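# Descriptive analysis of the structure
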Amino acid sequence: MSAPLLDIRDLSIEAHKDGERLGIVERVSFSVATGEILGLVGESGSGKTVTCRALMRLLPTRSLRISGGKIEFAGRNLVTASEAEMRHIRGARIGMIFQNPASHLDPVMRIGRQIGESLVLHLQMSPREAKAQTIELLRQVGIPDPQRRADDFPHQFSGGMRQRAMIALALACSPELLIADEPTTALDVTVQAQILRLLVELRDKRGLSIILITHDLGVVAQTCDSVAVMYAGRICEKGPKRDVLAEPLHPYTSRLIACQPSASAEAGLLPSIPGQPPSPSAWPSGCRFHPRCERAIGLCRSSAPELVTVRSNHVAACHVTAPARLADEAA
Amino acid sequence: MDRFRFVLYRPLQLLPVLLGISIITFVLIRSIPGDPARLLLGTKSTPEAIARIRAQFGLDEPLWVQYLYFLKNLFNGEMGTSILYRIDVVRLIGERIGPTLSLVLGSVILAIAIAVPLATAAARNRGSLIDHTIRIISTAGLGFPAFWLGIMLIILFSVKFDMFPVSGYGDGFADRLHHMVLPCLTVALALSAVLTRNLRASMIAELSSDHATAARARGLPEGMVFWRHVLPNSLVPTINLLAVNIGWLIGGTVVVETVFSLPGMGQLLVRGIFTRDYMVVQGVAMAFACAAVLINFLADILTAAADPRVKI
């Protein structure tokens with residue numbers, strides 16, 4: 001088996017605030033193979049966005065820094081890469097799209113020029129070539145009448161069209177990896193489905209690898225090959241999508257799945273996980289999910305569970321469920 | 001289509017503004033004690049001479065009749081005859097508009113030329129020694145009154161180093177440019193202080209904006225992110241600030257023209273007030289009002305050109 005395109009090992013990120021150091025992300029590991037779509041799932045504040053900003057080396061250097069681990073991308077460790085090296089990777093080899101395309105596009109520059117900017121910068125195209133390529137890219141992401149729309153400003157696009165333009169922008173230089181940070185959260189459901197279909201299509205056509213950050217397990221079920229679930233700065237479970245969604249091991253994953261609304265469910269209040277996700281300044285001891293976990297035992301309070309492999313590629317960090325499943329498998 | 005309509009109709013807004021200004025200046029200048037005829041004749045005044053001058057300029061009519069005459073003249077593009085200079089006020093303004101126009105224009109250009117690099121340096125090195133130094137300088141710039149600053153500049157650059165003339169307007173383009181440097185600098189220093197602070201703040205906001213992050217995520221070097229995305233976006237609020245400050249700027253020219261003995265409209269206005277030259281004061285005030293409205297109109301067009309989201 002060849003090495004994965006992206007391999008993150010024990011990545012830790014610290015925040016500096018008033019002389020205090022807070023561990024925002026702790027020893028996160030995951031990998032993405034060529035052509036794989038990985039869903040990175042978790043509540044707001046669980047560290048999924050920070051992790052992806054770190055792998056682009058776009059953390060605000062005043063407040064956040066990588067404190068350990070490595071990010072191996074196509075055989076290169078991005079943690080130690082120079083800023084000049086990173087500039088040739090950002091946009092050219094790793095593309096990124098964002099939750100709110102309206103604010104992530106420059107409001108005073110024409111869409112076509114924003115896309116052309118990357119082409120001229122990374123591929124040394126002439127302005128004329130860039131213009132032609134821009135129109136082709138807009139066509140590929142399904143923007144009707146791209147010739148004319150390339151001269152529009154972002155505010156003249158609808159929400160879905162803006163996200164398509166953002167995707168065209170991120171894919172302009174044919175990167176190998178696309179980081180999609182909640183790309184459909186700000187869109188309505190029909191448009192959401194179209195955008196997700198477009199992402200899967202691009203993967204199929206170009207062999208693109210995608211990290212899809214989301215808090216929506218429905219999105220994961222539709223699009224991803226594998227899932228990593230983050231809670232309070234740590235990965236608590238990861239594995240192939242089918243295994244994780246069908247047989248979740250970590251109680252947090254189980255609760256997340258239980259919280260998904262389904263069309264067939266009887267009317268009534270949606271189930272929710274009691275309590276609030278903790279903040280980095282007050283991480284709970286031991287397993288960080290224990291205050292909200294109904295299966296917590298004494299051990300959960302005092303020691304943090306390690307990730308245990310229960311089946312091929314399916315790992316979970318839980319003192320209760322993981323050993324039980326291991327025992328089942330053995331029997 | 002909308003833009004054409006705006007350009008056509010917006011100047012019509014001038015009319016009510018000018019009407020208001022005409023009433024205010026008309027009443028204000030006449031409520032200052034003192035009789036222009038008496039001031040003009042000085043010690044040689046006899047009751048007959050005063051009456052003759054008053055009749056000549058229509059000052060013996062009731063106030064409302066005088067105002068209606070003034071309005072009627074305005075519609076014909078006339079503003080009466082100066083009591084002091086005995087020439088047409090429109091012609092008088094035409095002769096004095098040059099120094100004032102070059103002072104305002106020169107100050108704005110100079111202020112922008114000072115503010116953009118300073119704000120850039122401060123915003124891109126936020127919290128550093130450079131940033132603090134620039135903040136202290138611009139705060140100080142706000143605090144210095146123009147008459148004092150003007151005199152200090154004269155002492156330094158004209159008296160001590162003999163680089164620029166002390167006062168006057170000069171002859172010929174190059175000489176005039178030479179004469180305008182210090183007056184423009186006087187106004188520009190204060191104006192650039194306001195602009196620098198404003199521009200720095202909007203640059204800092206734009207530097208951490210989502211679209212700047214997205215541009216960095218596309219691999220753009222920091223310099224490109226700044227010049228192509230941050231700067232154009234942060235200029236929009238500054239254009240409006242400049243337009244708002246234009247009234248203050250015009251007021252400032254009055255002081256600066258006096259300090260540097262520039263034969264401009266500000267000086268004309270001041271002398272007009274002292275000699276109760278009603279027609280001149282009214283005329284200059286109307287011209288200033290027109291200028292303020294037109295500049296705001298221009299700023300709206302500029303804002304719309306800089307930000308495609310703005311609907312005018």
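See the structure printed just above.
We now examine the overall build of chain A. Within chain A, the secondary structure is distributed over 13 helices and twelve strands. At 21 Å, chain A has a C-alpha radius of gyration in line with the 20 Å of a compact globule built from 331 residues. Along the first, second and third principal axes, the C-alpha set of chain A runs to 65 × 50 × 45 Å. Looking at chain A as a whole, 44% of its 331 residues qualify as buried. Contacts spanning at least 24 positions in sequence make up 62% of the contacts within chain A whose residues lie at least 6 apart.

On the side of chain B, 17 residues touch chain A, which itself brings 22 residues to the contact. Only helix 2 (83–89), helix 3 (101–104) and helix 4 (111–123) of chain A provide two or more residues apiece to the side of chain A that touches chain B. If one sorts the elements of the side of chain A that touches chain B by residue count, helix 4 of chain A sits on top with three residues.

As a further point, take the packing of helix 9 (residues 173–207) of chain B against helix 11 (residues 222–244) of chain B. Residue and element names in this part refer to chain B. For the pair helix 9 and helix 11, the least separation of the axes is 9 Å and the interaxial angle reads 145°. Considering how the two elements wind past one another, helix 9 and helix 11 form a crossing that is right-handed. Mapping the contact onto sequence places V194, L195, N198, L199, S202, M203, E206 and L207 in helix 9 and V230, N233, S234, P237, T238, L241 and L242 in helix 11. Classifying every residue of the contact of helix 9 with helix 11 by side-chain character gives nine nonpolar, five polar and one charged.

Okay, the pairing of strand 11 (residues 308–311) of chain A next. Bridge count for strand 11 of chain A against strand 12 (residues 314–316) of chain A is three bridges, and the pairing is antiparallel. Bridge assignment links R311 of chain A to a residue of strand 12 of chain A, and that residue is H314 of chain A.

Before going further, it helps to spend a moment on the pairing of strand 8 (residues 209–214) of chain A. Residue and element names in this part refer to chain A. Counting buried residues in strand 8 gives six out of six residues, a clear majority hidden from the surface. Pairing of strand 3 (residues 37–41) with strand 8, which is carried by five bridges, proceeds in the parallel orientation. Each bridged residue has a counterpart across the sheet, and for L38 the counterpart in strand 8 is I211. Alignment of strand 7 (residues 177–181) against strand 8, held across five bridges, turns out to be parallel. Directly across from L178, in strand 8, lies its bridge partner I210.

Strand pairs in the sheet, formed through backbone hydrogen bonds, run parallel or antiparallel to each other. Residue and element names in this part refer to chain A. Taken in spatial order, the eight strands line up as 6-7-8-3-9-10-12-11 in an open sheet, and their pairing is mixed. On the outer flanks of this sheet lie strand 6 (94–97) and strand 11, each paired with one strand and no other. Put simply, the sheet's adjacent strands are angled 20° from each other on average, direction ignored. Across two bridges, strand 10 (residues 234–240) lies against strand 12 in antiparallel orientation. Its bridge partner lying in strand 12, E237 is registered against A316. Strands strand 6 and strand 7 of the sheet are contacted by helix 7 (residues 159–171), whose axis makes an angle of about 165° with strand 6. Relative to the sheet, helix 13 (residues 321–330) contacts strand 11 and strand 12, its axis offset from that of strand 11 by approximately 40°.

Glancing now at the environment of V315 of chain A. Residues and elements named next belong to chain A. Along the polypeptide, V315 turns up in strand 12. Residue V315 is classed as buried on the basis of its 22 C-beta neighbours within 10 Å. When the C-alpha positions of V315 and V244 are compared, they lie 9.2 Å apart, and in sequence the two are 71 residues distant. Once residues lying within four places of it in the same chain are set aside, the contact partners of V315 are E237, K238, G239, L307, V308, T309 and V310.

Here is what the cut-offs are and how they apply
Residues numbered from 1 in each chain as written. Chains lettered and ligands numbered in written order. Predicted model: local features only at pLDDT ≥ 70, side-chain atom pairs only at ≥ 80, totals over all residues. Helix = DSSP H or I, 4+ residues; strand = E, 2+ residues; numbered from the N terminus. Rg over C-alpha atoms; globule rule 2.2 N^0.38 Å. Buried ≥ 20, exposed ≤ 12 C-beta atoms within 10 Å, placed from the backbone. Contact = placed C-beta atoms within 7 Å. Axes fitted to C-alpha atoms, helices over the stretch in contact; angles between N-to-C directions. Left-handed = near helix turned anticlockwise from the far one by under 90°. Nonpolar A, V, L, I, M, F, W, Y, C, P; charged D, E, K, R; others polar. Pairing = 2+ DSSP bridges.

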